[in-house]
Amino acid sequence: MQKITREQLIEKASALLSNSTVSCVLGWGMGEFDYDVTPTTFNSVEELEKGFVFSDFCGANFSKYLVKKAAACEGKILVFLKPCDTYSFNQLLTEHRFDREKVYVVGIPCEGMADINKVKAICGEGILSIGSKGDKMTVTTLYDDEPVSIDAKEVLAERCLNCKSKKHVAFDELLGDEGDVIESNRFDEVARLEAMTPDERFAFWQNELSRCIRCNACRDACPACTCEKCVFDNPNSGVENKSPANSFEEKLFHIIRAYHVAGRCTDCGECSRVCPQNIPLHLLNRKFIKDINEFYGEYQAGAEEGQRAPLVDYTTEDLEPGEVFDRRDSDA
Amino acid sequence: MQRVGVFVCWCGSNIAGTVDVKAVAEALKSEPGVVFSTDYQYMCSQAGQDMIKNAVKEHNLTGIVVCSCSPRMHEATFRKTAAAAGLNPYMVEIANIREQCSWVHKDMLSGTEKAIILGKAAVAKVNLNAPLTPGESPVTKRALVIGGGIAGIQTALDIADAGFPVDIVEKKPTIGGKMAQLDKTFPTLDCAACILTPKMVDVAQNDKIRIFSYSEVTDVQGFVGNFDVTIKKNARYVKEDICTGCGACVDKCPMKRIPNEFNLGMDNRPAIYIPFAQAVPKVATIDPNACNMLKNGKCGLCAKVCTAGAIDYTQKDEYIEEKYGAIVVATGFNPISMDKFDEFAYSQSKDVITSLEFERLTNAAGPSAGKLLRPSDGEHPHTIVFVQCVGSRCESCAEKGKEYCSKICCMYTAKHAMLTRDKYPDTEVYVFYIDVRTPGKNFDEFYRRAVEEYGVKYVKGMVGKITPEGKKLKVQASDLLANKQLHIDADLVVLAAAIEPDKSARPLATMLTASMDTNDFFTEAHPKLRPVESPTAGVFLSGACQGPKDIPETVSQAGAAASKVIGLLAKDKLTGNPCVAGSNELICNGCSSCANVCPYGAISYEDKEFRMPDRTTKVRRIAVVNPAVCQGCGACTVTCPSGAMDLKGFANLQIMAEVDAICK
């Protein structure tokens, strides 16, 4: 499915390692299964050839890893970024979370990444291996004698179905085109929730969030959640490390998190990708993005480094709080 | 654990009438930390304060909760009481059970219930209070006056008189403002120029006063005692220090058909001009939109005739940065636009004019050299109709007029009518009014003279429609007292247009973080007791920027503002507010969100080395708050994603404790 191959990436990384442009490579390493790919640092060509993988399951957004990895790498660190990752990259730069000089960005094209849950929905559990051939995916399971062939488009992740941009907004070098911002229907689902009555909406979120096990995966993967110490880990904050004692707390964790990343979230979708309970957490953030667009004009976090986000900026054209209520009333 | 004393005030019957104060004192006794709880008629009185002091000694109190009026009223009082009893003044919390409780509740039951809840919140907060010590900041002993009309001039003169340097920033090429455009002044009828221009000269000659004319304030940073202001001196293409104001350039300039703003466009001026003979500074200014040399590089006549060599076509806008201890806003007013008042035919006929235009028509230095002539044909008008309250007191016409009374129109219209009858007794003068408002020293006498001695025809009622017909203006009006319709063929109609704050006031208020009302008049810190101070410390109000005013009122307010400024500048140091933000460097991400939202520019960043748990060191970017600049607004604390930023005296934990106490 991907236009670019593992070999091309290894070749690029090896060249940059060999000519000493970089001394480490942030890439994808093999996990237990083919679909279980893990961000890994490679320090040599040998390591790359042994462990580097690239497939339709390389969805992880590497930007956040740079906060720790860039400082830890002796020289520059090479990072492969998909278009959506570059927005997070800029946003983190805006927040001074790593040193741009320490990073060498190679932008890679992306055809959309696969959602393993969708694969499992078609092929069932017990997946042994997943191969890729053109637009098809061949899935071998414990229970089928023959590998099952499925259409890669059918198992695209939600965030890739609603891809907002194929444009690389930050890079040192590109493998492929710079790409363009594209039209997407990513706010349709938010609009559907907005159209609900408050009771229906409450029931919807109650149902979704009740599955939360407070594993913190959403927070840990989120490129906007890079605090030195998260309020949920800080004993002095009064809200630290609580596993949800009741439905109120499990909702509050996600709502507080959505508030903390409001105006900073680039809509990369990592929160929903990593959620083991398949809670559509990205919808909370998208609601904020939609509101910010409507209240302050179109704003895409991370589109440029150093942008002033509407929520931490003041202009005389800003709408007055009262206007928010006027709009709400006129909608009703 | 704190030892908290609770003091519930009756405020006479203000609180005790709706709140069972004894029940409140009793209920708060069992709150955590409370060791003493009582009530008293007037806690702020000497006896009440003594009661607090004694209780502190007797019960070894470490914290005090006073359930009384708004902290804006008496927080300072009770802090002093605590200090006198040996406590840190910031160990006092006020529960507002008057404005937020007894005054808004009608029945004892709900009033008492809420008072107890508010008291519990204050107790919960004071349990987490820590002693705070305010810092000090120096005072820059220089004042800035924004606006060079009579208000600004008087304020500047009074401040300079006390020995402090003052700068006036005026956006026009000369100081003088609206008063310079007036002819005579009510109620004594002395000529405006005769009393204003000597003051303008005083300003020019005072070595404590600098005038930045043709300039505007573009940026204000800092805080009371320490404002950093950027002033943009617009290029006037004439070197101010060399120009002698001889006027040779003005005479020779070939671009002579530019509408003259000073005469409200009723005559023309050249592209290089001096607004009027007594202008201060008396320096020519080139209008860049009209000058052929600046637009097309052709001409250059003024440079040729200037013997002083003052013309400089290459002059650029200049930005000046200066420090000030106090800022006085004196941005004044303008008549509102008459464009939307079609019924009065202002845009259809040259002979329908505003009162300010009438001033210029009767002024000896005006377009008609003081002869009252119709603008359309230069003939003497025999019937003049004055219409009062055009756009004033207009609740139904909010989209084009103003709801408020413009205050000065009744008097200047009486003046215009009287002067017209005095100079031209053959002229019939009508004044249409809603009410005639003349509260001022010798004002009513003045108005009665206009009616009784000069025979001005005052008609109670509004003009409905004015239609130009040939040389006449057909005026349809109603006489409410006679209950009949009037039809008058007038030669000239004068509209007493409502006045509004200058358009520059709104952006200026944003720069100063000074508040405004819905009409864009600056708000005073207290409408009765602090009328010349804005709620923003160090910003003072002078003249019509605060509300419609006549000259005597403006001058008295200007003097009052000056005295407040002098009081501030006389101090060497100001005691700061200890309730400022601070960043916990251990959890700060250095993300800059706080600096982005800080309206005072109080936050900067530094790289600091940290020892990590694994004994390595790490350099991280962290936020640092300048406590002298921080005003304690708290914007940073709610923006900080990690909760590193906190406000002393209003810590996140304290506020959460209050919320918890209220929700329990």
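### Here's the deal with the environment of Phe227(B)
Residue and element names in this part refer to chain B.
Thought 1: On the secondary structure map, Phe227 appears in strand E12 (residues 226–233).
Thought 2: Sequence separation between Phe227 and Val250 is 23 residues, and the spatial gap between their C-alpha atoms is 39 Å.
Thought 3: When near neighbours in sequence (up to four residues on either side) are disregarded, Phe227 contacts Val220, Gln221, Gly222, Glu322, Lys323, Tyr324, Gly325, Ala326, Ile327, Ala537, Gly538 and Val539.

### Considerations on the pairing of strand E3 (residues 77–81) of chain A
Each regular strand shows side chains that alternate between the opposite faces of the sheet.
All names here are of chain A.
Thought 1: Of all 5 residues that make up E3, 5 are buried, and the element is covered over most of its length.
Thought 2: Side-chain alternation along E3 places Ile77, Val79 and Leu81 on one buried face and Leu78 and Phe80 on a second face that is also buried.
Thought 3: Pairing analysis gives 3 bridges linking strand E1 (residues 24–29) to E3, with the strands arranged parallel. The partner of Cys24 across the bridge, within E3, is Ile77.
Thought 4: Bridging between E3 and strand E4 (residues 103–107) involves 5 bridges; their strand directions are parallel. Note that in E4 the partner of Val79 across the bridge is Val105.
Thought 5: Running through helix H4 (residues 83–94), the crossover from E3 to the neighbouring parallel element E4 is right-handed.

### Quick word on the state of the cysteines
Thought 1: The tally for this structure, following the rule as stated, stands at 2 disulfides over all chains.
Thought 2: The disulfide partner of Cys24(A) is Cys73(A), and the gap between their sulfur atoms is 2.0 Å. Handedness of the Cys24(A)-Cys73(A) disulfide follows from its S-S torsion of about 100°: it is right-handed. Of this pair, Cys24(A) sits in strand E1 while Cys73(A) sits in the loop between helix H3 (65–72) and E3, placing them 49 residues apart in sequence.
Thought 3: According to the relative accessible area criterion, Cys73(A) is buried, its value standing at 5%.
Thought 4: With a sulfur-sulfur separation of 2.2 Å, Cys191(B) is cross-linked through a disulfide to Cys194(B). Residues Cys191(B) and Cys194(B) are joined by a disulfide whose S-S torsion is about 95°; by sign, that bridge is right-handed.
Thought 5: Look at Cys194(B) and you get exposed, because its relative accessible area is 51%.
Thought 6: Cys222(A) carries a free sulfur, and the closest cysteine sulfur to it, the one in Cys225(A), is 4.2 Å from it.
Thought 7: The class of Cys222(A) is buried, set by a relative accessible area of 10%.
Thought 8: The structure places no disulfide on Cys588(B), whose sulfur is separated from the nearest cysteine sulfur, that of Cys594(B), by 6.2 Å.

### With respect to the sheet that holds strand E7 (residues 148–151) of chain A
Residues and elements named next belong to chain A.
Thought 1: The antiparallel open sheet is built from 3 strands, whose spatial order is E5-E6-E7. In the strand order of this sheet, the two ends are held by strand E5 (127–133) and E7, each with one partner. Here the strands of the sheet are splayed against their neighbours by 25° on average, with no regard to which way each runs.
Thought 2: Note: E5 against strand E6 (residues 136–141), 6 bridges, orientation antiparallel. Paired with Ile127 across the strands is Thr141, a residue of E6.
Thought 3: Packed onto the sheet, helix H5 (residues 116–123) meets E5, E6 and E7 and runs at close to 105° relative to E5.

### Some thoughts on the pairing of strand E3 (residues 63–68) of chain B
Residues and elements named next belong to chain B.
Thought 1: Of all 6 residues in E3, 6 are buried, a share of seventy percent or more.
Thought 2: Burial along E3 is two-sided: Gly63, Val65 and Cys67 facing one way and Ile64, Val66 and Ser68 facing the other are all buried.
Thought 3: When strand E1 (residues 4–9) meets E3, the two strands line up parallel, connected through 5 bridges. In the strand pairing of E3, Val4 is matched with Gly63.
Thought 4: Note that E3 and strand E4 (residues 92–96) share 5 bridges and pair parallel.

### Brief notes about the domain arrangement of chain A
How big an interface is tends to be reported as the loss of accessible area on association of its parts.
Residue and element names in this part refer to chain A.
Thought 1: The domain boundaries assigned to chain A delineate domain 1 (6–113 + 161–174), domain 2 (117–151) and domain 3 (188–331).
Thought 2: Once you take the C-alpha centre of each, domain 1 and domain 3 turn out to be 27 Å apart.
Thought 3: Facing 18 residues of domain 1, the contacting portion of domain 3 comprises 25 residues.
Thought 4: Carbon and sulfur atoms supply 47% of the area that domain 1 and domain 3 bury against each other, a total of about 1600 Å² over both sides.
Thought 5: At the boundary of domain 1 and domain 3, one finds 2 salt bridges.
Thought 6: Residues Arg264 and Glu95 are paired through a salt bridge, measuring 2.8 Å at the closest nitrogen-oxygen approach.
Thought 7: The tally of links from domain 1 across to domain 3 stands at 14 residue pairs in polar contact (both at pLDDT 80 or more).
Thought 8: Of the residues forming the side of domain 1 that touches domain 3, the biggest block, 8 residues, is contributed by H4.
Thought 9: Class assignment for the residues of the side of domain 1 that touches domain 3 results in 6 nonpolar, 8 polar and 4 charged.

### Remarks on the domain arrangement of chain B
Residues and elements named next belong to chain B.
Thought 1: If you check the domain split of chain B, you get domain 1 (4–126), domain 2 (143–234 + 317–332 + 502–569), domain 3 (248–305), domain 4 (334–500) and domain 5 (581–648).
Thought 2: Inter-centroid distance (C-alpha atoms) of domain 2 to domain 4 is 30 Å.
Thought 3: Between domain 2 and domain 4, the residue contacts involve 18 residues of the former and 25 residues of the latter.
Thought 4: Our count for the contact surface shared by domain 2 and domain 4 stands at 2 salt bridges.
Thought 5: Two residues, Glu553 and Lys407, come together in a salt bridge whose shortest N-O distance is 2.9 Å.
Thought 6: Across the domain 2-domain 4 interface, the total number found is 8 residue pairs in polar contact (both at pLDDT 80 or more).
Thought 7: A per-class count over the side of domain 2 that touches domain 4 returns 7 nonpolar, 3 polar and 8 charged.

### A short note on the interface of chain B and chain A
Thought 1: Chain B puts 19 residues into the contact, and the matching count from chain A is 19 residues.
Thought 2: For the chain B and chain A pair, buried surface summed over both sides reaches about 1400 Å², with 57% attributable to carbon and sulfur atoms.
Thought 3: Per-residue buried area on chain B facing chain A is highest for Asn589(B), Asn596(B) and Pro641(B); these three make up 36% of the total on that side.
Thought 4: For Glu228(A), the salt bridge goes to Arg620(B), with nearest N and O atoms at 3.6 Å.
Thought 5: For the pair chain B and chain A, the interface holds 6 residue pairs in polar contact (both at pLDDT 80 or more).
Thought 6: Listing elements by their share of the side of chain B that touches chain A, those giving two or more residues are helix H17 (593–597) and strand E33 (617–625) of chain B.
Thought 7: Of the residues in the side of chain B that touches chain A, the class split is 7 nonpolar, 9 polar and 3 charged.

### Re the packing of helix H13 (residues 409–423) of chain B against helix H14 (residues 443–452) of chain B
Residue and element names in this part refer to chain B.
Thought 1: Direction vectors running N to C along H13 and H14 enclose 35°, while the axes themselves pass 9 Å from each other. Crossing angle aside, the handedness with which H13 passes H14 is left-handed. Residue-level inspection shows Met411, Ala414, Lys415 and Met418 of H13 in contact with H14, the latter providing Phe443, Phe446, Tyr447, Arg449 and Ala450.
Thought 2: When the residues that make up the contact of H13 with H14 are grouped by side-chain class, the tally is 7 nonpolar, no polar and 2 charged.

### Digging into unusual backbone geometry
Thought 1: Here Phe186(B) and Pro187(B) are connected by a cis peptide whose omega angle stands at -5°.
Thought 2: Inspection of the secondary structure assignment puts Pro187(B) in the loop between strand E8 (184–185) and strand E9 (190–191).
Thought 3: Val280(B) connects to Pro281(B) through a cis peptide bond whose omega is 0°.
Thought 4: Here Pro281(B) is to be found in the loop between strand E15 (272–273) and strand E16 (285–286).
Thought 5: One non-glycine residue, Asn216(A), lies in the positive phi region at around 70°.
Thought 6: Examined against the element boundaries, Asn216(A) turns out to sit in the loop between helix H8 (198–209) and helix H9 (217–221).

Reading guide: rules and limits
The residue numbers shown here count from 1 along each chain, following its written sequence. Following the order in which they are written, the chains are lettered starting with A and the ligands numbered starting with 1. Confidence filtering applies because this is a predicted model: local features only for residues at pLDDT of at least 70, side-chain atom pairs given and counted only at 80 or more, and all residues used for totals across whole chains, interfaces and linings. The side-chain values count all of the structure's non-hydrogen atoms but skip hydrogen atoms and water molecules. The secondary structure listing takes helices from DSSP runs of H or I that are at least 4 residues long and strands from runs of E that are at least 2 residues long, numbered from the N terminus. Only heavy atoms enter the contact rule, under which two residues are in contact if any of them lie within 4.5 Å. A simple rule labels every residue: compare its accessible area, found with a 1.4 Å probe on the protein chains alone, to the largest value its type can have, and call it buried under 20%, exposed over 50%, or partly exposed in between. At least two bridges found by DSSP between two strands is the condition for calling them paired. Look down the strands so they point away from you; if going from the first strand over the helix to the second traces a clockwise path, that crossover is right-handed. Any pair of cysteine sulfurs within 2.5 Å is marked as a disulfide. Throughout, an axis means a line fitted to C-alpha atoms (over the contacting stretch in the case of helices), and angles, computed between N-to-C directions, take values from 0 to 180 degrees. Domain extents, as shown, originate in an automatic or database domain assignment. Accessible surface is computed with a 1.4 Å probe, and the buried area is the amount of it that two parts give up when combined, taken over both parts together. The rule for a salt bridge is simple: a side-chain nitrogen of Lys or Arg has to be within 4 Å of a carboxyl oxygen of Asp or Glu. Identification of polar contacts relies on pairs of N or O atoms within 3.5 Å, with a donor-acceptor requirement for protein atoms, meaning one able to donate a hydrogen and the other able to accept it, and with residues adjacent in sequence counted only if both atoms are side-chain atoms. Charged means Asp, Glu, Lys or Arg here, nonpolar means Ala, Val, Leu, Ile, Met, Phe, Trp, Tyr, Cys or Pro, and polar covers whatever is left, Gly included. With the far helix as reference, a near helix turned anticlockwise by less than a right angle produces a left-handed crossing, and one turned clockwise produces a right-handed crossing.

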